[in-house]
Amino acid sequence: MTKAHNFRELKIWKESMALVKEVYALTSELPAEEKFGLISQINRCAVSVPSNIAEGSGRTSTKEFIHFLNIAISSSYELETQLILVENIFQINSSNQLKALNELQLKIGAFKRSLTS
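All values derive from a computational prediction rather than experimental measurement.

**Comments concerning the nonpolar core**
By size, the foremost hydrophobic cluster in this structure holds 31 residues, and its most contacted members are I12, I53, L69, L79 and I108. Non-local contacts of I108, meaning those with residues more than four positions away in its chain, are made with I12, V49, I53, L69 and I73.

**Considerations on the packing of helix α3 (residues 62-90) against helix α4 (residues 95-116)**
With their axes 10 Å apart at the nearest point, α3 and α4 run at an angle of 165 degrees to one another. Between α3 and α4, the crossing angle belongs to the class labelled roughly antiparallel. Classified by chirality, the crossing of α4 by α3 is left-handed. Here the contact of α3 with α4 is built from residues that sort into 13 nonpolar, nine polar and three charged.

**Quick notes on the environment of A100**
Note that A100 resides in helix α4. In this structure the C-alpha to C-alpha distance between A100 and E15, which are 85 residues apart in sequence, comes to 8.4 Å.

**Examining the packing of aromatic side chains**
Evaluated as defined, the whole model comprises two aromatic pairs. Between F7 and W13, the ring centres sit 5.1 Å apart and the planes meet at 70 degrees, which makes this aromatic pair edge-to-face. Its relative accessible area of 22% is what places F7 among the partly exposed residues. On the accessibility criterion, W13 (16% relative accessible area) is buried. Measuring from centroid to centroid gives 5.7 Å for F65 and F111, while their planes differ by 70 degrees, and the two rings are edge-to-face. You can see F65 sitting in helix α3 and its partner F111 sitting in helix α4, a full 46 residues away along the chain. The pair formed by F65 and F111 is uniform in burial state, with each residue classed as buried.

**Examining the packing of helix α2 (residues 38-57) against α3**
Running from amino to carboxyl end, α2 crosses α3 at an angle of 160 degrees, the nearest separation of the two axes being 8 Å. Compared by their axis directions, α2 and α3 come out roughly antiparallel. Relative to α3, α2 is oriented so that their crossing is left-handed. Of α3, the residues touching α2 (which contributes L38, Q41, I42, C45, A46, S48, V49, N52, I53, E55, G56 and S57) are F65, F68, L69, I71, A72, S75, S76, E78, L79, Q82, V86 and F90.

**Some details on α4**
Over its 22 residues, α4 runs 32 Å from end to end, which matches the ideal 32 Å to within 8%, given 1.5 Å per residue. Check the buried side of α4 and you find it contacts α1 (11-27), α2 and α3.

Parameters and conventions
- Residues numbered from 1 in each chain as written.
- Predicted model: local features only at pLDDT ≥ 70, side-chain atom pairs only at ≥ 80, totals over all residues.
- Heavy atoms only, no water.
- Core = buried A, V, L, I, M, F, W, Y, C linked by side-chain atoms within 4.5 Å.
- Buried < 20%, exposed > 50% of the residue type's maximum accessible area, 1.4 Å probe, protein only.
- Contact = heavy atoms within 4.5 Å.
- Axes fitted to C-alpha atoms, helices over the stretch in contact; angles between N-to-C directions.
- Helix = DSSP H or I, 4+ residues; strand = E, 2+ residues; numbered from the N terminus.
- Parallel < 35°, antiparallel > 145°, perpendicular 65-115°, else oblique.
- Left-handed = near helix turned anticlockwise from the far one by under 90°.
- Nonpolar A, V, L, I, M, F, W, Y, C, P; charged D, E, K, R; others polar.
- Phe/Tyr/Trp six-rings, centres within 6.5 Å; stacked < 30°, edge-to-face > 60°.
- Expected span 1.5 Å × (residues − 1).

Here is the structure:
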């Protein structure tokens, strides 16, 4: 049994929520014809990161929590790929979001390691 984590107090959750706002602002710059394509996919990936952190925090074991943190990291890598695509296809600068995302990936990894030590 693991100690319950209040996801609202987790730095990784707070930072991922802030990133969601940044990503939504960025996707609002994309062409309207991408509404049901890339925009939808990017926004869903961004939302997946804090959502999985929150879901995992409510699980009853450390192993389960780590599983959801792994899903959050996986979503972050998918998001990273899509932000790179935005730069390559639409020439929209996503370097700020990519930097924040890379820092978040490192923090989630460190948090996972802290749960197992």
